[in-house]
Amino acid sequence: MMRKLFDTLRPYFEEGGRFHGLWFLFEGIESFTFTTGKVTDDAPHIRDHLDIKRLMSMVIIALIPAILMGIYNTGLQGLIADGISVTFWGAVFRGLRVVLPIIIVSYAVGGFWEVLFAVIRKHEINEGFLVTGMLFPLVLPPNTPLWQVALGISFGVVIGKEVFGGTGMNIFNPTLVGRAFLFFSYPSGFSGSAPYMAARSVDAVTSATPLAVASATPAGESVTTSLMNFSLNYDLKTFLTGLYPGCIGETSAIAILLGALFLLITRTASWRSMAGTVIGAFLTVSLFNILAKPGSNPMMHLPFQYHILMGGFLFGTVFMVTDPVSAAMTRTGKWFYGLLIGVMTILIRVVNPAYPEGMMLAILFGNLFAPLFDYYVVKTNMKRRLNRAQQ
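Here we summarise the structure given alongside this text.

The rules behind these values
- Residues numbered from 1 in each chain as written.
- Predicted model: local features only at pLDDT ≥ 70, side-chain atom pairs only at ≥ 80, totals over all residues.
- Heavy atoms only, no water.
- Helix = DSSP H or I, 4+ residues; strand = E, 2+ residues; numbered from the N terminus.
- Buried < 20%, exposed > 50% of the residue type's maximum accessible area, 1.4 Å probe, protein only.
- Contact = heavy atoms within 4.5 Å.
- Areas by Shrake-Rupley, 256 points an atom, 1.4 Å probe, with all protein chains shown as cover.
- Salt bridge = Lys/Arg side-chain N within 4 Å of Asp/Glu carboxyl O.
- Phe/Tyr/Trp six-rings, centres within 6.5 Å; stacked < 30°, edge-to-face > 60°.
- Core = buried A, V, L, I, M, F, W, Y, C linked by side-chain atoms within 4.5 Å.
- Polar contact = N/O pair within 3.5 Å; in protein donor to acceptor, adjacent residues only side chain to side chain.

## Side note on the overall build of the protein
Line of reasoning, step 1. Tallying secondary structure elements over the protein gives 17 helices and zero strands in all.
Line of reasoning, step 2. Across the 391 residues that make up the protein, the buried fraction comes to 48%.
Line of reasoning, step 3. In the protein, of all internal contacts separated by at least 6 residues, the share reaching a separation of at least 24 is 70%.
Line of reasoning, step 4. Looking at the protein as shown, the accessible area adds up to about 19,700 Å², and 68% of this sits on carbon and sulfur atoms.

## Re the environment of Arg267
Line of reasoning, step 1. Examined against the element boundaries, Arg267 turns out to sit in the loop between helix 11 (253-265) and helix 12 (271-291).
Line of reasoning, step 2. Along the backbone, Arg267 and Met58 are 209 residues apart, and their C-alpha atoms lie at a distance of 9.8 Å.

## Some thoughts on the pattern of salt bridges
When the charged atoms of two side chains with opposite charge come close together, those side chains can pair.
Line of reasoning, step 1. Tallied over the full model, the rule gives three salt bridges.
Line of reasoning, step 2. A salt bridge links Asp82 to Arg94; its shortest N-O distance comes to 2.5 Å. Here Asp82 is found in helix 3 (residues 52-82), whereas its partner Arg94 is found in helix 4 (residues 88-121), with 12 residues between them in sequence.
Line of reasoning, step 3. Here Arg94 falls in the buried class, since its relative accessible area comes to 5%.

## Description of the packing of aromatic side chains
Here the distance between the centres and the angle between the planes together describe a pair of aromatic rings.
Line of reasoning, step 1. Summed over the entire model, instances satisfying the criterion amount to 16 aromatic pairs.
Line of reasoning, step 2. Ring plane angle 85° and centroid distance 5.5 Å describe the contact between Trp271 and Trp335, whose orientation is recorded as edge-to-face. Residue Trp271 is located in helix 12, and its partner Trp335 is located in helix 16 (residues 331-351); the two are separated by 64 residues in the primary sequence.
Line of reasoning, step 3. On the basis of relative accessible area, Trp271 is assigned to the partly exposed category, the value being 44%.
Line of reasoning, step 4. Summarising the aromatic geometry, the rings of Phe365 and Phe369 are spaced 4.9 Å apart at their centres and angled 40° between planes, so their arrangement reads as tilted. Residue Phe365 and its partner Phe369 are located together in helix 17 (residues 359-390), separated by four residues, close to a single helical turn.
Line of reasoning, step 5. Phe365 sits in the partly exposed class, given a relative accessible area of 30%.

## Side note on unusual backbone geometry
What is expected of a backbone is that most residues other than glycine have negative phi and most peptide bonds are trans.
Line of reasoning, step 1. Non-glycine residue Arg267 carries a positive phi angle of around 60°.
Line of reasoning, step 2. Look at Arg267 and you get exposed, because its relative accessible area is 75%.

## Side note on the nonpolar core
Line of reasoning, step 1. Counting 77 residues, the largest nonpolar core has Leu63, Phe315, Phe319, Tyr337 and Ile363 as the members making the most contacts within it.
Line of reasoning, step 2. Contacts of Phe319, omitting those with residues within four sequence positions, involve Val59, Ala62, Leu63, Leu135, Ile256, Gly259 and Leu263.
Line of reasoning, step 3. In terms of nonpolar packing, the next biggest core, distinct from the first, is built from five residues, Tyr72, Leu76, Leu79 and Ala91 among them.

## Topic: helix 15 (residues 313-320)
Line of reasoning, step 1. Of all eight residues that make up helix 15, eight are buried, and the element is covered over most of its length.
Line of reasoning, step 2. Residues of helix 15 that are buried: Phe313, Leu314, Phe315, Gly316, Thr317, Val318, Phe319 and Met320.

## What to know about the side chain of Ser252
Line of reasoning, step 1. When you line up the elements, Ser252 lands in the loop between helix 10 (236-241) and helix 11.
Line of reasoning, step 2. According to the relative accessible area criterion, Ser252 is buried, its value standing at 4%.
Line of reasoning, step 3. A polar side-chain atom of Ser252 sits 3.2 Å from the main-chain carbonyl oxygen of Thr241.
Line of reasoning, step 4. Apart from the residues lying within four places of it in its own chain, the contact partners of Ser252 are Met69, Phe239, Leu240, Thr241 and Gly242.

## Section: the side chain of Thr74
Line of reasoning, step 1. Relative to the helices and strands, Thr74 resides in helix 3.
Line of reasoning, step 2. Using a relative accessible area of 4% as the deciding quantity, one classes Thr74 as buried.
Line of reasoning, step 3. One polar contact links the side chain of Thr74 to the main-chain carbonyl oxygen of Gly70, over a distance of 2.7 Å.

## A look at helix 5 (residues 129-138)
Line of reasoning, step 1. The buried count for helix 5 comes to nine of 10 residues, which makes it a mostly enclosed element.
Line of reasoning, step 2. All buried positions along helix 5 are accounted for by Phe129, Val131, Thr132, Gly133, Met134, Leu135, Phe136, Pro137 and Leu138.

## Examining the environment of Leu314
Line of reasoning, step 1. You can see Leu314 is positioned in helix 15.
Line of reasoning, step 2. Taking the C-alpha atoms as reference, Leu314 lies 9.3 Å from Met359; in sequence the two are 45 residues apart.
Line of reasoning, step 3. Contacts of Leu314, omitting those with residues within four sequence positions, involve Ala253, Ile256, Leu257, Ile308 and Leu309.

## A few points about the environment of Val157
Line of reasoning, step 1. Inspection of the secondary structure puts Val157 in helix 6 (residues 146-158).
Line of reasoning, step 2. For Val157, a relative accessible area of 1% translates into the label buried.
Line of reasoning, step 3. Look past the residues within four positions of Val157 in its chain and what remains in contact with it is Gly110, Trp113, Glu114, Phe129 and Glu162.

Quick look at the structure:
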């Protein structure tokens, strides 16, 4: 029935039809509903049901655990901050009231820019926004004003992607471009405890994010005592479940790892980029642990497992580092790309106490060097093959 409906409506949207100007909209809905029936005129012919829309849909499916946990945790932290008795459904409904409007604004405003550029350029709607529109809300604090959500996603889509030519042409991850814009334009929205609690009253906020706690040593307290108190308040179980203040989709390690497993099984994401990021972080953390001295920066003493479970490290590794457009393309390049991001994340966290996160800037920095890695990998392979041919 749906197929017949599209076939009936197609002539109205094709060239010469009454609604030809809306062809991009018709094509976008049709290709999202059905796989394309188009084939190349000449060989080779490749049969594959997985097009860009379905590739992006795989990522959305992988994000579902993080979305659900983000909704629950947002509601939970808000109820705790307001001193209201916590129930499961109470936390869920409270979380939905906070998170759902952010997702709707992200898709509505970002979708507007996608459609506008499709009309101006007279091409199909870019499918990449399916993921960008969902990733952006998940990397924001729950208390982000909706007007900032609209401003951030606009900057990410227009400046981070469309000015380069649209999906597949951008050199930076659009989600992180939008978040970086908000972070540096409105730093108060990402600092302190209030933005991460979704509390009705700022006076009710008494908690802080784990990274903020770990990076600070209270006056008169040794680094060792501070880390002991930190490990008591934030054990590994807390990080695995993600029931602590943080950005909407970044807290639960279990939810993120479930998404990673799905992406790896379906071969949607590169395990090399993920592994390289974790290895780079491990080597850098190990080096700082060796060099750490009593009384030095507490982040230098922090064990590896806390670094990868806190903040946006896991979320960024699984869903941002593996972006097929802004990441390295070659197999060897993916290793170097991941290593660079892992090293830079820990360096920023430890060396810059004013910014204890580091993952966002590290990925954007890695995006900048990804083409360089691919260039030298390809050049090295060509030189190797040329030497073989000459021999």
